[in-house]
Amino acid sequence: MDQDIIILAENHKRSLSSTLIVVEQLLIDMQQMMVNSNQGCCYEINNDIDNETIEHNNKVIGEALSLICLLKEKYNTEKTVQSLQRVINAKKTKIWETLNNSKSRRMKGFGEFPQKLVKEYDNDLDNLISISEKLRL
């Protein structure tokens, strides 16, 4: 199906590009969650959706992803190429930030942290930080 390309102002094009990227990633994440077992030590995804619903959702996601591709072409938005190194680095930074924000001194909003646990607790978080810092780019 041939369609005319619509030329948007650069700021509108950037905004639409960002929107399509976010929606595309959310759809891909949903699709992966329905297919792969998502289980960790601290959380798991309870697969409480029957196979018929999963098949239906996968078809809908496929339809949405196809439309995203058409809209990308129609509005001539740019394809963003992301460096895996930058993605890993950003996620490492988020891990560091999250763990540092969970240190005992930052938990005052949740009540006074037991003084006898401060050193062990903070050392455990520091250990997790140092392990995550070993991720290579």
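Residues numbered from 1 in each chain as written. Predicted model: local features only at pLDDT ≥ 70, side-chain atom pairs only at ≥ 80, totals over all residues. Heavy atoms only, no water.

## Here's the deal with the packing of aromatic side chains
Here is step 1 of the chain: Applying the stated criterion across every chain, the model contains 1 aromatic pair.
Here is step 2 of the chain: Taking the centre distance of 4.7 Å and the plane angle of 45° together, the rings of Phe-113 and Tyr-121 count as tilted.
Here is step 3 of the chain: Assessed through its relative accessible area of 17%, Phe-113 is described here as buried. (Phe/Tyr/Trp six-rings, centres within 6.5 Å; stacked < 30°, edge-to-face > 60°. Buried < 20%, exposed > 50% of the residue type's maximum accessible area, 1.4 Å probe, protein only.)

## Let's talk about the packing of helix 1 (residues 10-35) against helix 2 (residues 51-74)
Here is step 1 of the chain: Axis separation between helix 1 and helix 2 bottoms out at 10 Å; the angle between their running directions is 160°. One way to sum up the angle between helix 1 and helix 2 is to call them roughly antiparallel. Here the hand of the crossing between helix 1 and helix 2 comes out left-handed. Note on element contacts: helix 2 touches helix 1 through Ile-54, Asn-57, Asn-58, Ile-61, Ala-64, Leu-65, Ile-68, Leu-71 and Lys-72, opposite Leu-20, Val-23, Glu-24, Leu-27, Ile-28, Met-30, Gln-31, Met-34 and Val-35.
Here is step 2 of the chain: Within the contact of helix 1 with helix 2, the residues separate by chemical class into 13 nonpolar, 3 polar and 2 charged. (Axes fitted to C-alpha atoms, helices over the stretch in contact; angles between N-to-C directions. Helix = DSSP H or I, 4+ residues; strand = E, 2+ residues; numbered from the N terminus. Parallel < 35°, antiparallel > 145°, perpendicular 65-115°, else oblique. Left-handed = near helix turned anticlockwise from the far one by under 90°. Contact = heavy atoms within 4.5 Å. Nonpolar A, V, L, I, M, F, W, Y, C, P; charged D, E, K, R; others polar.)

## Thoughts on the nonpolar core
Here is step 1 of the chain: The biggest cluster of nonpolar side chains holds 7 residues, and these are Leu-20, Leu-27, Met-34, Ile-54, Ile-61, Leu-65 and Ile-68.
Here is step 2 of the chain: Looking at this core, the elements that each hand over two or more residues are helix 1 and helix 2.
Here is step 3 of the chain: The greatest single-element share of this core, amounting to 4 residues, is contributed by helix 2.
Here is step 4 of the chain: Setting aside residues up to four positions removed in sequence, Ile-54 forms contacts with Met-34, Asn-47 and Ile-49. (Core = buried A, V, L, I, M, F, W, Y, C linked by side-chain atoms within 4.5 Å.)

## A look at a nonpolar patch on the surface
Here is step 1 of the chain: Where nonpolar side chains cluster on the molecular surface, the patch consists of Met-33, Tyr-43 and Ile-45 and spans about 300 Å² of accessible area.
Here is step 2 of the chain: Tracing the backbone through its elements, the reader meets Met-33 in helix 1. (Patch = residues over 30% accessible without salt bridge, like charges linked within 9 Å, V, L, I, M, F, W, Y side chains within 5 Å. Areas by Shrake-Rupley, 256 points an atom, 1.4 Å probe, with all protein chains shown as cover. Salt bridge = Lys/Arg side-chain N within 4 Å of Asp/Glu carboxyl O.)

## Some details on the pattern of salt bridges
Here is step 1 of the chain: Summed over all chains, the structure comprises 4 salt bridges.
Here is step 2 of the chain: In this structure, Glu-10 engages Lys-13 in a salt bridge whose closest nitrogen and oxygen atoms are separated by 3.7 Å. With Glu-10 and Lys-13 both in helix 1 and 3 residues apart, the pair spans about one turn of that helix.
Here is step 3 of the chain: The class for Glu-10 is partly exposed, based on a relative accessible area of 48%.
Here is step 4 of the chain: Classification of Lys-13 as buried rests on a relative accessible area of 11%.
Here is step 5 of the chain: Between Glu-78 and Lys-13 there is a salt bridge, and its shortest N-O distance comes to 3.8 Å. One end of the pair, Glu-78, is in the loop between helix 2 and helix 3 (84-100); the other, Lys-13, is in helix 1, with 65 residues separating them in the sequence.
Here is step 6 of the chain: A single salt-bridge network, built from bridges that share partners, covers Glu-10, Lys-13 and Glu-78.

## Description of helix 4 (residues 118-132)
Here is step 1 of the chain: Taking 1.5 Å as the rise per residue, helix 4 with 15 residues should run 21 Å; its terminal C-alpha atoms sit 21 Å apart, in good agreement.
Here is step 2 of the chain: Among all positions in helix 4, only Val-118, Asp-122, Leu-125, Ile-129 and Ser-132 are buried. The buried residues of helix 4 occupy one face: seen down the axis, they fall within an arc of 75°. Pointing more than 90 degrees away from the buried face of helix 4 are the exposed residues Lys-119 and Glu-120.
Here is step 3 of the chain: Buried positions along helix 4 lie against helix 3. (Expected span 1.5 Å × (residues − 1). Arc of directions from axis to C-beta.)

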